[in-house]
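Listed here are the chains, written in short residue letters.
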Amino acid sequence: MRVLIIDDSRSSASAIAGKVAELGDVETRICLDPEQAITECDQSQFDLVLVDYIMPKLDGIEVLTALRERAAYRHVPMIMIAATLDPALKRQAIQAGATDFLNKPFDWIELQSRVRNLLALRQVQCEQTDRARELAAEVEQATASLVAREEEIIWRLARAIEYRDGTTGDHVSRVAEICRILAETLGLGEERARILYLAAPLHDIGKIGIPDAVLQKPGRLSAEEMSVMRRHVDIGAAILGEASTEVVHVASVVAKTHHEKWDGNGYPAGLAGDAIPIEGRIVALADVFDALCSERPYKAAWPIEKAYDEILACSGSHFDPGCVEAFVAAWTRIRPLMDAGHAETVAKVA
């Protein structure tokens, strides 16, 4: 344990240091200048501070006050030393952060006893702090493990849905990344962007309840078939409903609302404007943009520039104008994702 003794009297400080050292397993440091002592505390961690009241430059109260303002010294035991500790001075010292008091001239047995007790208290504090850090690390590790498992399950499920839909799973990866970029650009914050990144891949989970004859039909769907296909949003919301985690809750919202349109002409509820959750508005744009750029059994992939222009053209009708503005602002981050996907498609064809 490390003990700092602040006293402008070298003889007094040395005598205190000698008696403290007799306790064993204690390192003492003497500082005659109170300002220098504060600097020492900024540079080193001490486990106990003994400070004299009457000193030049700063008195003991001012030193205590300065040290207690430092996070590293908020809980360190501190003893105020004074020739006379009248009630008013004691109150000041307590308010400044004194843990204990000692009167001069010293009763050396009393001094050693108080120092020993306060160092024992400090030892317990340090052990509790170390244990708290260990527990925090264990909780963080366990939480990270749970998050990793949740993410793995989400991605595997999302890719299974994409394979059933006749694609390779690249679509959900790009949609998820575009959603995260748009959320960050819109200022939703890193955590909400991360949650949307994980929730977005499940936007079409309801398609597992759509018959293959409709889901995998190579041509345009009839009105009746389109009605069946539209049921996937309700199925998805039902699968993900009553969620116990934030990610699955957001995924449920996205599954239900990613086909709503800004002008109210979407489905299933015909929501318009801000009545559509922001997560649904973001996924709607990302999903359509990537779908336009992707080859499907019923259509060829659009050139990226044409798909970009289509998104802009649908601002205020299909898409939230704010999301479109974010899309334009983040284009330098989104375009490379599409270029990479296009390159992979060309390579597969070759």
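Because the structure is a prediction, the values reported are computed rather than measured. (Residues numbered from 1 in each chain as written. Predicted model: local features only at pLDDT ≥ 70, side-chain atom pairs only at ≥ 80, totals over all residues. Heavy atoms only, no water.)

## What about the overall build of the chain?
Scanning the chain from N- to C-terminus turns up 15 helices and five strands. Against the 2.2 N^0.38 benchmark of 20 Å for 350 residues, the chain shows a C-alpha radius of gyration of 34 Å, more extended than a compact globule. In terms of its C-alpha atoms, the chain occupies a principal-axis envelope of roughly 100 × 45 × 35 Å. Burial analysis of the chain (350 residues in total) assigns 42% to the buried set. A total of about 17,700 Å² of accessible surface is found on the chain, and carbon and sulfur atoms cover 53% of it. The distance from the centre of the 38 positive side-chain charges to the centre of the 54 negative ones in the chain is 2 Å. (Helix = DSSP H or I, 4+ residues; strand = E, 2+ residues; numbered from the N terminus. Rg over C-alpha atoms; globule rule 2.2 N^0.38 Å. Buried < 20%, exposed > 50% of the residue type's maximum accessible area, 1.4 Å probe, protein only. Areas by Shrake-Rupley, 256 points an atom, 1.4 Å probe, with all protein chains shown as cover. Lys, Arg positive; Asp, Glu negative; His and termini not counted. Charge placed at Lys NZ, Arg CZ, Asp CG, Glu CD.)

## Structural notes on the pairing of strand S4 (residues 78–82)
Within S4, five of the five residues are buried, which leaves it mostly tucked inside the rest of the structure. Judged from the four bridges that link them, strand S3 (residues 48–52) and S4 form a sheet pairing that is parallel. Among the inter-strand pairings, Leu50 is bridged to a residue of S4, identified as Ile79. Viewed along the sheet, the connection from S3 through helix H3 (residues 60–68) into S4 turns out right-handed. (Pairing = 2+ DSSP bridges. Right-handed = clockwise from strand over helix to strand, strands pointing away.)

## Remarks on unusual backbone geometry
Peptide bonds are mostly trans, and most non-glycine residues show a negative phi. A cis amide bond links Lys104 to the next residue, Pro105, at an omega of -5°. Residue Tyr267 is joined to Pro268 through a cis peptide bond whose omega torsion reads 10°. In the Ramachandran plot, Asp25 falls in the positive-phi region, its phi being about 55° despite a non-glycine side chain. One can find Asp25 in the loop between helix H1 (10–21) and strand S2 (27–31).

## Let's talk about the nonpolar core
Within the largest apolar cluster, 50 residues are counted, with the highest numbers of intra-cluster contacts made by Ile282, Phe289, Phe327 and Ile334. Among the secondary structure elements, those contributing two or more residues to this core are helix H5 (108–164), helix H6 (170–185), helix H7 (190–199), helix H11 (246–257), helix H12 (278–293), helix H13 (304–313), helix H14 (321–329) and helix H15 (331–349). Within the second largest apolar cluster, 27 residues are counted, among which are Ile6, Leu58, Leu67 and Ala93. (Core = buried A, V, L, I, M, F, W, Y, C linked by side-chain atoms within 4.5 Å.)

## Remarks on the packing of H6 against H12
Following both chains from N to C, one finds H6 and H12 inclined at 135°, their axes separated by 9 Å at the closest point. Classified by the interaxial angle, the pair formed by H6 and H12 is oblique. H12 is crossed by H6, and the crossing has right-handed handedness. Residues His171, Arg174, Val175, Ile178, Cys179, Leu182 and Ala183 of H6 form the contact with H12, whose participating residues are Ile282, Val283, Leu285, Ala286, Asp287, Phe289, Asp290 and Ala291. Counted by class, the contact of H6 with H12 contains eleven nonpolar, one polar and three charged residues. (Axes fitted to C-alpha atoms, helices over the stretch in contact; angles between N-to-C directions. Parallel < 35°, antiparallel > 145°, perpendicular 65-115°, else oblique. Left-handed = near helix turned anticlockwise from the far one by under 90°. Contact = heavy atoms within 4.5 Å. Nonpolar A, V, L, I, M, F, W, Y, C, P; charged D, E, K, R; others polar.)

## Overview of H7
Where H7 is concerned, the buried positions are Ala193, Ile195, Leu196, Tyr197, Leu198 and Ala199. The inward-facing, buried residues of H7 abut H5, H6, H11 and H12.

## Some thoughts on the environment of Ala158
For Ala158, the location among the structural elements is in helix H5. For the pair Ala158 and Ser173, spaced 15 residues apart in the sequence, the C-alpha separation amounts to 9.0 Å.

## Topic: the packing of H5 against H6
Contact pair H5 / H6: the axes reach a minimum separation of 8 Å and the direction vectors enclose 125°. Taken as axis vectors, H5 and H6 run oblique relative to one another. Touching Trp155, Ala158, Arg159 and Glu162 of H5 are Asp170, His171, Val172, Ser173 and Ala176, all from H6. Its residues assigned to classes, the contact of H5 with H6 comprises four nonpolar, two polar and three charged.

## Structural notes on the packing of aromatic side chains
Inspection of the entire model under this criterion finds seven aromatic pairs. Ring plane angle 75° and centroid distance 5.8 Å describe the contact between Phe289 and Trp331, whose orientation is recorded as edge-to-face. Separated by 42 residues along the polypeptide, Phe289 in helix H12 and Trp331 in helix H15 bring together distant segments of the chain. Exposure class is identical for Phe289 and Trp331. Each is buried. With 4.5 Å between their ring centres and 55° between their planes, Tyr308 and Trp331 make a pair best called tilted. Placement of the pair is Tyr308 in helix H13 and Trp331 in helix H15, with a sequence separation of 23 residues. Residue Tyr308 shares its accessibility class with Trp331, and that shared class is buried. One aromatic cluster is present, built from ring pairs that chain together Phe289, Tyr308, Phe327 and Trp331. Seen from the ring of Phe46, Arg2 lies directly overhead, with NZ or CZ sitting 4.5 Å from the centre. (Phe/Tyr/Trp six-rings, centres within 6.5 Å; stacked < 30°, edge-to-face > 60°. Lys NZ or Arg CZ within 6 Å of the ring centre and 35° of its normal.)

## Focus: the sheet that holds S2
Pairing within the open sheet is parallel, and its five strands lie in the order S2-S1-S3-S4-S5. Where the open sheet ends on each side, the last strands, each with one partner, are S2 and strand S5 (100–103). Across the sheet, the mean angle separating the axes of adjacent strands is 20° when strand polarity is ignored. Where strand S1 (residues 2–6) lies against S3, four bridges are found, and the strand directions are parallel. By the bridge assignment, Ile5 is partnered in S3 with Leu50. Here H1 sits on the sheet in contact with S1, S2, S3 and S4, set at roughly 170° to S2. Of the strands in this sheet, S1, S3, S4 and S5 touch H5, which is tilted by about 165° from S5.

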